[in-house]
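One letter stands for each residue in the lines below.
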Amino acid sequence: MNLDQYTDRARTVLQAAQGLAIKNKNQHFAPEHLLSALMDDDAGLAANLIQAAGGRADMVADLATRAVDRTTGTNVDCASIPVGAAGRAAMIGRNGR
């Protein structure tokens, strides 16, 4: 994956998501890692968008954390992990852009 195509903010969120996957010893970066990183982002963009749409950002953040917690424990101990198919689709969109 070429991170140069993303903005600095997007790269920061992607790196945080990858850090979650590594911390949880997951074999692949997945959408739940990305959602959790978006909800934890200091700027709060995702949380603000959810709230503006009438949603509950606190509930989404909690569910994202729980989803990541369920992925814990595949015993991968490495500095970098591959992006799984679902993680790739979450980052580039289903249509490949």
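Now for a quick tour of the structure. (Residues numbered from 1 in each chain as written. Predicted model: local features only at pLDDT ≥ 70, side-chain atom pairs only at ≥ 80, totals over all residues. Heavy atoms only, no water.)

**Overview of the overall build of the protein**
Thought 1: Along the protein, the regular secondary structure elements total five helices and zero strands.
Thought 2: Within the span of the protein, comprising 97 residues, buried residues form 32% of the whole.
Thought 3: Put simply, of all contacts in the protein between residues at least 6 apart along the chain, 65% involve residues at least 24 apart.
Thought 4: Only carbon and sulfur atoms are counted for the fraction: they give 52% of the accessible area of the protein, which is about 6,300 Å². (Helix = DSSP H or I, 4+ residues; strand = E, 2+ residues; numbered from the N terminus. Buried < 20%, exposed > 50% of the residue type's maximum accessible area, 1.4 Å probe, protein only. Contact = heavy atoms within 4.5 Å. Areas by Shrake-Rupley, 256 points an atom, 1.4 Å probe, with all protein chains shown as cover.)

**Overview of unusual backbone geometry**
Thought 1: Unusually for a residue other than glycine, Lys25 sits at a positive phi of about 55°.
Thought 2: By secondary structure assignment, the location of Lys25 is in the loop between α1 (8-23) and α2 (31-40).
Thought 3: Residue Lys25 is classed as partly exposed on the basis of its relative accessible area, which comes to 41%.

**Focus on helix α4 (residues 57-70)**
Thought 1: For α4, spanning 14 residues, the distance from its first C-alpha to its last is 20 Å, which sits close to the expected 20 Å at 1.5 Å a residue.
Thought 2: Regarding α4, the residues found buried are Ala57, Ala64, Ala67 and Val68. The buried residues of α4 occupy an angular sector of 95° when projected down its axis, which confines them to one face.
Thought 3: For α4, the secondary structure elements touched by its buried residues are α2 and α3 (45-52). (Expected span 1.5 Å × (residues − 1). Arc of directions from axis to C-beta.)

**Focus: the pattern of salt bridges**
It is possible for side chains of opposite charge to pair when their charged atoms get near one another.
Thought 1: One pass over the structure, following the stated rule, counts four salt bridges.
Thought 2: Across the pair Arg66 and Asp62 runs a salt bridge whose closest N-O atoms are separated by 2.8 Å. Of the two residues, Arg66 and Asp62 are both situated in helix α4; the distance of four residues between them amounts to about one turn of the helix. (Salt bridge = Lys/Arg side-chain N within 4 Å of Asp/Glu carboxyl O.)

**Topic: the packing of α2 against α4**
Thought 1: Where α2 meets α4, the closest approach of the two axes is 8 Å, and the angle between their N-to-C directions is 140°. Taken together, the axis directions place α2 and α4 in an arrangement best described as oblique. Regarding α2 and α4, the two cross each other, and that crossing is left-handed. In this structure, α2 contributes Glu32, His33, Leu35, Ser36 and Met39 to the contact, and α4 contributes Ala57, Val60, Ala61, Ala64, Thr65, Ala67 and Val68.
Thought 2: Within the contact of α2 with α4, the residues separate by chemical class into eight nonpolar, three polar and one charged. (Axes fitted to C-alpha atoms, helices over the stretch in contact; angles between N-to-C directions. Parallel < 35°, antiparallel > 145°, perpendicular 65-115°, else oblique. Left-handed = near helix turned anticlockwise from the far one by under 90°. Nonpolar A, V, L, I, M, F, W, Y, C, P; charged D, E, K, R; others polar.)

**Some words on the environment of Asn24**
Thought 1: The residue Asn24 is located in the loop between α1 and α2 in this model.
Thought 2: Accessibility expressed as a relative area gives 7% for Asn24, which makes it buried.
Thought 3: For Asn24 and Val68, which are 44 residues apart along the polypeptide, the C-alpha to C-alpha distance reads 7.8 Å.

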